[in-house]
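Structural characterization, general
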Amino acid sequence: MPHTNCFQQHTESILVSGIAEQSYKRRNPGITFRLYAPVLLLILIIVSRPYGTEAQSGSCSIPVNFEDRSLVPIGVGAGEKGVAIGDFNGDGKPDLATALAGTSPGLVSVVLGDGNGGFGSPTKVEIPTGTSTLIITGDFNIDGKTDLAVCSNDGRSSLLIGNGSGGFSATVLFSVGINPVAIVTDDFNADGKPDLATADAGSGAMTVLLGDGKGSFSGTIYSDEEKGGDGITSADFNGDGKVDLIIANSDSGSISLFLNNGMGSFKAESEIFKVGGYPGSITSGDFNLDGRPDVAISDYYSGNVIVLLRKDTRVFSTPVAYKAGSGLEKIINNDFSNDGFPDLAVADSSGGAIIMLGDRL
């Protein structure tokens, strides 16, 4: 039986105490920190307790399994812009890579985790492009080691090949659209090799780059008639076995669905769904456990999280807005409470992280 989808929010505030000044930029779905010496990246760590309490919200019974949090200062370098997580040295422990803005040439800072919430000293990797804005992990040359793809404001991008020991070398340049603000990796042509797609705010379009499994990409730009390009997510939205893409459009209050034609090409004309507000960052997941991918969108100005459930292969339900906070930015989904139901986490402009636990009824 399908489950209703209902979320309960829990706000975890990050106190910066003069160490970092946070600023929101309209075309950036992530959080930007202007960091001052000593430069610290503040990481929110949420620890689950074995037996959660219950929070009631209308007809929803939601397990609250987040008890403790702590702020861990991590020195990464000035101008932190975007963060990616992966196991860079093959020890089974999560590491961090940070794109540093305001440097020329561009820099990526890598810190290795110890598995206990601590991180080592940063290693800087130079990239042959300008200011880096986006970063994502993947095994782009299929050698079993984690690599990094880094995009810059001017559309020039770099692939950093991992050596499996925590080191990287910039070997490949490729191009995306102007001012890319969101990036996703998936297999769009079903060849078993990771591909990339970006939402490009500067051109109101998206760029799809098909990987050859050797670290090179070939790109195609798709125009979005809504001229948004603020967020991007991937899933098989029409149930045909092919990975599709959705772009969030803040200017028009809509999302654009690009259906995959097969072999990694997409229909030139997208399907438009009005959601209202100012949609920015977007994430997809099966929130009501009916086997169909749904979407959740953060709305910066209203402070709402907008959820659309996929009703069938062609139609989304009426958007439902959940009040979450203010100045909402990057949104992701995962089973944070470990109860088998997808939850949401969204960053807000106050420096906080809002956890919205999914319905368990």
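Residues numbered from 1 in each chain as written. Predicted model: local features only at pLDDT ≥ 70, side-chain atom pairs only at ≥ 80, totals over all residues. Heavy atoms only, no water.

Examining the overall build of the chain
Here is the rule we go by: Strands are runs of DSSP state E lasting at least two residues, helices are runs of H or I lasting at least four, and both sets are numbered from the N terminus onward. Whether a residue is buried, partly exposed or exposed follows from its accessible area with a 1.4 Å probe, protein chains only, as a fraction of its type maximum: under 20%, in between, or over 50%, in that order. Note on definitions: a residue-residue contact is assigned when non-hydrogen atoms from the two residues lie within 4.5 Å. We get accessible surface area from the Shrake-Rupley algorithm with a probe of 1.4 Å; when it comes to residues, only the shown protein chains can shield them.
The number of helices and strands found in the chain is 0 helices and 30 strands. Every one of the 361 residues in the chain was classed for burial, and the buried ones make up 55%. Nonlocal contacts in the chain, meaning residues at least 24 apart in sequence, comprise 46% of its contacts between residues at least 6 apart. Total accessible area on the chain stands at roughly 14,500 Å², and carbon and sulfur atoms take up 52% of it.

A word on the packing of aromatic side chains
For the record, the criterion: Any Phe, Tyr or Trp ring, taking Trp's six-membered ring, that has another such ring centre within 6.5 Å forms a pair; planes under 30 degrees apart are called stacked, those over 60 apart edge-to-face, and the others tilted. Each ring is checked for a lysine NZ or an arginine CZ that lies within 6 Å of its centre and within 35 degrees of its normal; such an atom marks a charge sitting over the ring.
Evaluated as defined, the whole model comprises 9 aromatic pairs. Judged by centre distance (4.8 Å) and plane angle (80°), the ring pair of Y278 and Y301 falls under edge-to-face. Of the two residues, Y278 sits in the loop between strand 23 (271–274) and strand 24 (279–285) while Y301 sits in the loop between strand 25 (294–299) and strand 26 (304–308), which places them 23 residues apart along the sequence. Classification of Y301 by relative accessible area gives exposed; the value is 57%. One aromatic cluster is present, built from ring pairs that chain together F140, F174 and F217. Lying over the aromatic face of F316, R310 brings its terminal NZ or CZ to 4.4 Å of the ring centre.

Comments concerning the sheet that holds strand 13 (residues 168–175)
Our working rule: Two strands make a pair as long as DSSP finds a minimum of two bridges between them. The angle between two axes is taken between their N-to-C directions and runs from 0 to 180 degrees, where each axis is a line fitted to C-alpha atoms and a helix contributes only its stretch in contact.
Pairing within the open sheet is antiparallel, and its 4 strands lie in the order 10-11-12-13. The sheet is open, and its two edges are formed by strand 10 (132–138) and strand 13, each paired on a single side. Taking each pair of neighbouring strands and ignoring which way they run, the sheet shows an average axis angle of 25°. For strand 11 (residues 147–152) and strand 12 (residues 156–162), the ladder comprises 4 bridges, and the chain directions are antiparallel. Note that in strand 12 the partner of A149 across the bridge is L159.

Quick word on the pattern of salt bridges
Two side chains of opposite charge can pair, provided their charged atoms sit close to one another. Just so we agree on the cut-off: The rule for a salt bridge is simple: a side-chain nitrogen of Lys or Arg has to be within 4 Å of a carboxyl oxygen of Asp or Glu.
By the definition in use, this model includes 2 salt bridges. The shortest N-O distance in the salt bridge between R156 and D154 comes to 2.9 Å. Among the residues examined, R156 registers a relative accessible area of 39% and is labelled partly exposed. On the basis of relative accessible area, D154 is assigned to the partly exposed category, the value being 36%. With a shortest N-O distance of 3.4 Å, D290 and R292 are connected by a salt bridge. R292 gets classed as partly exposed once you look at its relative accessible area, which sits at 33%.

What about the sheet that holds strand 15 (residues 195–200)?
Strand order in the open sheet made by the 4 strands is 14-15-16-17, with antiparallel pairing throughout. A strand with exactly one partner marks an edge of an open sheet, and here the two such strands are strand 14 (180–186) and strand 17 (217–223). For this sheet, the mean inter-axis angle between neighbouring strands, taken without regard to orientation, is 20°. Pairing between strand 16 (residues 205–211) and strand 17: 7 bridges, direction antiparallel. Within the sheet, the bridge partner assigned to T207 lies in strand 17 and is I221.

Overview of the environment of I127
Along the chain, I127 turns up in strand 9 (residues 123–127). I127 sits in the buried class, given a relative accessible area of 0%. Considered as a pair, I127 and L160 are 33 residues apart in the sequence and their alpha carbons are 8.0 Å apart. Not counting the four nearest positions on each side in its chain, I127 is found in contact with P105, G106, L107, V108, S132, V150, S158 and L160.

Remarks on the side chain of T283
Heads up, the condition is: In protein, a polar contact means a hydrogen-donor-capable atom and an acceptor-capable atom, both N or O and within 3.5 Å, with residues adjacent in sequence counting only if both atoms are side-chain atoms; elsewhere, any N or O pair within 3.5 Å suffices.
Secondary-structure assignment places T283 in strand 24. Engagement of the side chain of T283 in a polar contact is seen with the side chain of N333, the distance being 2.7 Å. With residues up to four places along the chain from it excluded, the contact list for T283 reads T233, D294, V295, A296, I331, I332, N333 and L344.

Digging into unusual backbone geometry
Non-glycine residue I142 carries a positive phi angle of around 50°. In this fold, I142 is placed in the loop between strand 10 and strand 11. Despite not being glycine, A190 shows a phi value in the positive range, around 55°. Relative to the elements of secondary structure, A190 occurs in the loop between strand 14 and strand 15. In this structure A190 comes out as exposed when scored by relative accessible area, which is 68%.

Don't take any of this as a statement about function, it's just geometry.
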